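Each chain is listed here by its residues.
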Amino acid sequence: MKILFFEIRRYLRPVTLAIVCVLTGFWILMHNSYYTKSPYRDWGLLSVEYQKRFGNVIDVDEFEIIKQDYADLCAEIDRAFEKYMGEYDVHSLDDFRLLENASFHIEEDYRTAAERWGSENIEELYQKCLDIYFDGPMETQSDREQKIGYFIYDFESLDEAAEAARANDPDWGYDKLTDYQKNRILEDCQRHELSIISVLSSYSYTEFRDGFKQYSVLIYIICAFIGVPFLVNNKVTGTQTIQFASKRGKNILKNQLGAALTVSAIFNIIIDAFFYIVYFYNGDEIHYLLNCPINVGAAGNQLWINMTYFQYVLLIFAKVMLLSLALTCAIFIVSYFSKNYIVATAIAVPSFMLVSTLSEHLDYHFNLVFNYAWEYPLMLFAPIAAIVAVTIIVMRRTWRTDYLY
């Protein structure tokens, strides 16, 4: 244990830690949108509001309440348009959107607007109303109306999705469904329930996945950066030859590998904890959504595994942890065989890129309709098993080696 601790200290040299801290700080500045408040946060906070009001899942009775809220909001918006734009013959949100579409020369809407306001007045009138729209309360209200409208559409689409599953509708991607997939979708849709995170929110589980993808790349970079110089330096300075002159020295290699894996795990935990805190506890109270089930009301967007948002987060963290440990083993083996830094780096860089690419592609293999259940574990564990097997072979080979030249 003392030797392992000493080897960990060798990996965590002050210069190495300083470079890692600078790199991490630079990375945070580059990808800071997930811990500062998003310009779309009002849309995302609707999910939190509904979770507090209704719980993690919306049922039919609660949906009727939301529809009534939506009708009241639309009436309130129309009153605001009447107050601020009524003098320009724009009396409702529908009128404003008609004028907006006409300004973009959408043919049917343009003809309707031209008959009402005159074709020569459309551009000027729209610009005048647009300035009023941004100065008044209509923008915030309209954003909320659109968000609730999407949610209502999702809930009302459950019956349509069930019918598409029965008919193997190719427009929904259901034409090649297995019986298991079809039954899963039908069972889900016929419950007439919708998870809170099914609201089209900037805080949905896919947004978390895409946000953490950038930080998983940082983890892989750190693992590669820390691992490459260690054994190469031992080899260049002749330390490795002396080490392998005795059986006790050979055992140190196991501690060096253990130290590399421990350091990688430590950096994983630190970065995971940082991203988790700033993403879910950044003042928007998004942590209220963590217990929401992902598959309820998801239809064709279901995951193969039934899980909550929090479980999905842990799964993403575990995937990155396993791949980063595998990359650490690969870098360790590369360094073992490399006689100089150039060779080690030349092999380590594509290894890092392969792991990053694999990590990104794995995230898209949870979909029930478009992928098979065995794809994800095969893509994840096959390369890891191969790297572990090579590592074991190399470690056994070192035990039989008397000297390294």
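Criteria and cut-off values
Residues numbered from 1 in each chain as written. Predicted model: local features only at pLDDT ≥ 70, side-chain atom pairs only at ≥ 80, totals over all residues. Heavy atoms only, no water. Helix = DSSP H or I, 4+ residues; strand = E, 2+ residues; numbered from the N terminus. Buried < 20%, exposed > 50% of the residue type's maximum accessible area, 1.4 Å probe, protein only. Contact = heavy atoms within 4.5 Å. Areas by Shrake-Rupley, 256 points an atom, 1.4 Å probe, with all protein chains shown as cover. Core = buried A, V, L, I, M, F, W, Y, C linked by side-chain atoms within 4.5 Å. Domains from an automatic or database assignment. Salt bridge = Lys/Arg side-chain N within 4 Å of Asp/Glu carboxyl O. pLDDT = per-residue confidence, 0-100. Phe/Tyr/Trp six-rings, centres within 6.5 Å; stacked < 30°, edge-to-face > 60°.

Draft legend 1. Focus on the overall build of the protein. The helix and strand inventory of the protein stands at 16 helices and 2 strands. Looking at the protein as a whole, 47% of its 405 residues qualify as buried. Long-range pairs, those at least 24 residues apart, make up 78% of the contacts in the protein with a sequence separation of at least 6. For the protein, the accessible area works out to roughly 20,500 Å², and carbon and sulfur atoms hold 60% of it.

Draft legend 2. Spatial organisation of the nonpolar core. Formed by 97 residues in total, the largest nonpolar core has its most connected members in F81, M85, F96, F208, F212, F280 and Y309. Residue contributions to this core peak at 15 residues, all from helix 14 (residues 309-337). Formed jointly, this core draws a minimum of three residues from each of two domains, domain 1 (2-40 + 199-400) and domain 2 (60-192). With sequence-adjacent residues up to four places away left out, F212 is seen in contact with I219, D272, F275, I316, F317 and V320. If you look at the next biggest cluster of nonpolar residues, it comprises 14 residues, including A161, A164, I185 and A299.

Draft legend 3. Local environment of the pattern of salt bridges. Counted by the stated rule, this structure contains 13 salt bridges. One salt bridge in this structure joins D89 and R116, with 3.3 Å as the shortest N-O distance. You can see D89 sitting in the loop between helix 4 (60-85) and helix 5 (93-103) and its partner R116 sitting in helix 6 (residues 107-117), a full 27 residues away along the chain. Look at D89 and you get partly exposed, because its relative accessible area is 29%. Classification of R116 by relative accessible area gives partly exposed; the value is 34%. Ionic pairing is found between R97 and E145, a salt bridge with its closest N-O pair at 2.7 Å. Of the two residues, R97 is situated in helix 5 and E145 in helix 8 (residues 138-156); the sequence distance between them amounts to 48 residues. Given the relative accessible area of 29%, R97 is considered partly exposed. Taking relative accessible area as the criterion, E145 reaches 6% and is therefore assigned buried.

Draft legend 4. Broad picture of the environment of Y312. Relative to the helices and strands, Y312 is located in helix 14. Distance in space between the C-alpha atoms of Y312 and P293 is 9.6 Å, their sequence separation being 19 residues. Apart from residues lying up to four places away in sequence, Y312 is in contact with Y205, R209, I294, L303, M307, D363 and F366.

Draft legend 5. Structural context of the side chain of T328. With respect to the helices, strands and loops of the structure, T328 is situated in helix 14. When its relative accessible area of 5% is taken as the criterion, T328 is described as buried. The contacts of T328, once residues within four sequence positions are left out, are C223, A260, L261 and S264.

Draft legend 6. Expanded view of the confidence of the model for the protein. Confidence in the prediction of the protein, expressed as mean pLDDT, is 84, and 87% of residues score 70 or more. Per-element confidence in the protein is highest for helix 4, whose mean pLDDT is 94, and lowest for helix 12 (residues 239-243), whose mean pLDDT is 57.

Draft legend 7. Quick peek at the packing of aromatic side chains. Inspection of the entire model under this criterion finds 26 aromatic pairs. Ring centres of F366 and Y376 lie 4.3 Å apart, and the angle between their planes is 35 degrees; on these two criteria the pair is classed as tilted. Of the two residues, F366 sits in the loop between helix 15 (341-362) and helix 16 (375-400) while Y376 sits in helix 16, which places them 10 residues apart along the sequence. A relative accessible area of 8% places Y376 in the buried class.

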